[in-house]
Amino acid sequence: MGCTCCKNGNSALNAEAKDIISITGKEKEKTIPILQEIQSRKGYIPEDLLREVSGVTGIAVSDFYSVATFYSQFRFTPLGKHLIRVCNGTACFVSGADILFDTLSDLLKVGDGETTEDGLFTLETVACLGCCSLAPVVMISGRVYGKQNSDSVRKLISSIIADEAKGEKTAAEAGQTGGTA
Ligand code: FES
């Protein structure tokens, strides 16, 4: 007897797809909640899981993609190990957030929402992070760094890369929050 799971593709993916729609429902109007549930589990929208969910719900893969590409909240590639968020809110913007972003983008050779080839960093702009008095603000792996400039963000990245090279746990990974560099 042949492998029955192959009828529906990977059995683990199929089980996960069913689990997702058991939470969200599978009607077409649930397209956004389904995408949100996938992304909250995986950190992005993996194509293989999306295809499995499509098979289970009957919602076309192309329909999922047309919705997902419309909303900037959805991503199609995995997050890097360190998520860098450059605040682009008003206080940060007038304090030079665009310069910080350009510095990081040039340094890491990625654009907004992109991940470095080595998978170490994802760079993105975000709306106000809620600590405007520290503008301009960058958040790296959940830790806030305030009053930043091009030199200080370069140093932050160099420090993380050096720690990664040594295999050490960085301060950001240790979950420290609220500090300033
Ligand atoms: S505008 Fe950047 S923290 Fe508020």
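Predicted model, so just to flag it, every value in this text is computed and none were measured.

1. Observations concerning the environment of Asp 19
Part 1 of the reasoning: Inspection of the secondary structure assignment puts Asp 19 in helix α1 (residues 11-24).
Part 2 of the reasoning: What makes Asp 19 exposed here is the crowd of 12 C-beta atoms within 10 Å.
Part 3 of the reasoning: Taking the C-alpha atoms as reference, Asp 19 lies 9.8 Å from Val 53; in sequence the two are 34 residues apart.

2. Structural notes on the packing of helix α6 (residues 97-108) against helix α7 (residues 150-166)
Part 1 of the reasoning: Running from N to C, α6 and α7 cross one another at 40°; their axes reach a closest spacing of 9 Å. It follows that α6 is oblique to α7 by the angle criterion. α7 is crossed by α6, and the crossing has right-handed handedness. Side by side, α6 and α7 meet where Ile 99, Leu 100, Thr 103, Leu 104 and Leu 107 of the first sit next to Ser 150, Val 153, Arg 154 and Ile 157 of the second.
Part 2 of the reasoning: Counted by class, the contact of α6 with α7 contains 6 nonpolar, 2 polar and 1 charged residues.

3. Details of the sheet that holds strand β3 (residues 121-126)
Sheets are built from strands paired through backbone hydrogen bonds, the pairs being either parallel or antiparallel.
Part 1 of the reasoning: Reading across the sheet, the 5 strands line up as β2-β3-β1-β4-β5 and stay open at both edges, with mixed pairing between neighbours. Edge positions in the sheet fall to β2 (114-115) and β5 (143-145), since each of these pairs with one other strand and no more.
Part 2 of the reasoning: Here strand β1 (residues 82-87) runs beside strand β4 (residues 138-140); their pairing, made up of 3 bridges, is antiparallel. Within β4, the position partnered with Ile 84 by the bridge is Ile 140.
Part 3 of the reasoning: Along the sheet face, α6 touches β1, β3 and β4 and points at about 150° away from the line of β1.

4. Side note on α1
Part 1 of the reasoning: Taking 1.5 Å of rise per residue, the 14 residues of α1 would be expected to cover 20 Å, and the 20 Å separating its terminal C-alpha atoms lies within 8% of that figure.
Part 2 of the reasoning: Taken together, the buried positions of α1 are occupied by Leu 13, Ala 17 and Ile 20. Considered in projection along α1, the buried side chains sweep an arc of 60° and stay on one side of the axis. α1 presents Ala 12, Asp 19, Ser 22 and Ile 23 as exposed residues on the side facing more than 90 degrees away from its buried surface.

5. Re the environment of Thr 90
Part 1 of the reasoning: Along the polypeptide, Thr 90 turns up in helix α5 (residues 90-94).
Part 2 of the reasoning: For the pair Thr 90 and Ala 135, spaced 45 residues apart in sequence, the C-alpha to C-alpha distance is 9.3 Å.

6. Digging into α7
Part 1 of the reasoning: For α7, with 17 residues, the first-to-last C-alpha span of 24 Å sits near the 24 Å given by 1.5 Å per residue.
Part 2 of the reasoning: Residues of α7 that are buried in the fold lie against β1, α6, β4 and β5.
Part 3 of the reasoning: Backbone geometry just after α7 places Gly 167 at a positive phi near 75°.

7. Observations regarding the nonpolar core
It is characteristic of soluble globular proteins that their nonpolar side chains tend to be buried jointly.
Part 1 of the reasoning: Of all hydrophobic cores here, the largest spans 24 residues; its most connected members are Ile 84, Val 86, Leu 100, Leu 104, Val 137 and Val 138.
Part 2 of the reasoning: Elements represented by at least two residues in this core include exactly β1, α6, β3, β4, β5 and α7.
Part 3 of the reasoning: Broken down by element, this core gets its largest block of residues, 5 residues, from α6.
Part 4 of the reasoning: Every residue in contact with Val 138, bar those within four places of it in the chain, is listed here: Ile 84, Arg 85, Val 86, Leu 100, Tyr 145, Gln 148 and Val 153.
Part 5 of the reasoning: If you look at the next biggest cluster of nonpolar residues, it comprises 13 residues, including Ala 17, Ile 45, Val 53 and Phe 64.

Rules used throughout
Residues numbered from 1 in each chain as written. Predicted model: local features only at pLDDT ≥ 70, side-chain atom pairs only at ≥ 80, totals over all residues. Helix = DSSP H or I, 4+ residues; strand = E, 2+ residues; numbered from the N terminus. Buried ≥ 20, exposed ≤ 12 C-beta atoms within 10 Å, placed from the backbone. Axes fitted to C-alpha atoms, helices over the stretch in contact; angles between N-to-C directions. Parallel < 35°, antiparallel > 145°, perpendicular 65-115°, else oblique. Left-handed = near helix turned anticlockwise from the far one by under 90°. Contact = placed C-beta atoms within 7 Å. Nonpolar A, V, L, I, M, F, W, Y, C, P; charged D, E, K, R; others polar. Pairing = 2+ DSSP bridges. Expected span 1.5 Å × (residues − 1). Arc of directions from axis to C-beta. Core = buried A, V, L, I, M, F, W, Y, C linked by C-beta atoms within 7 Å.

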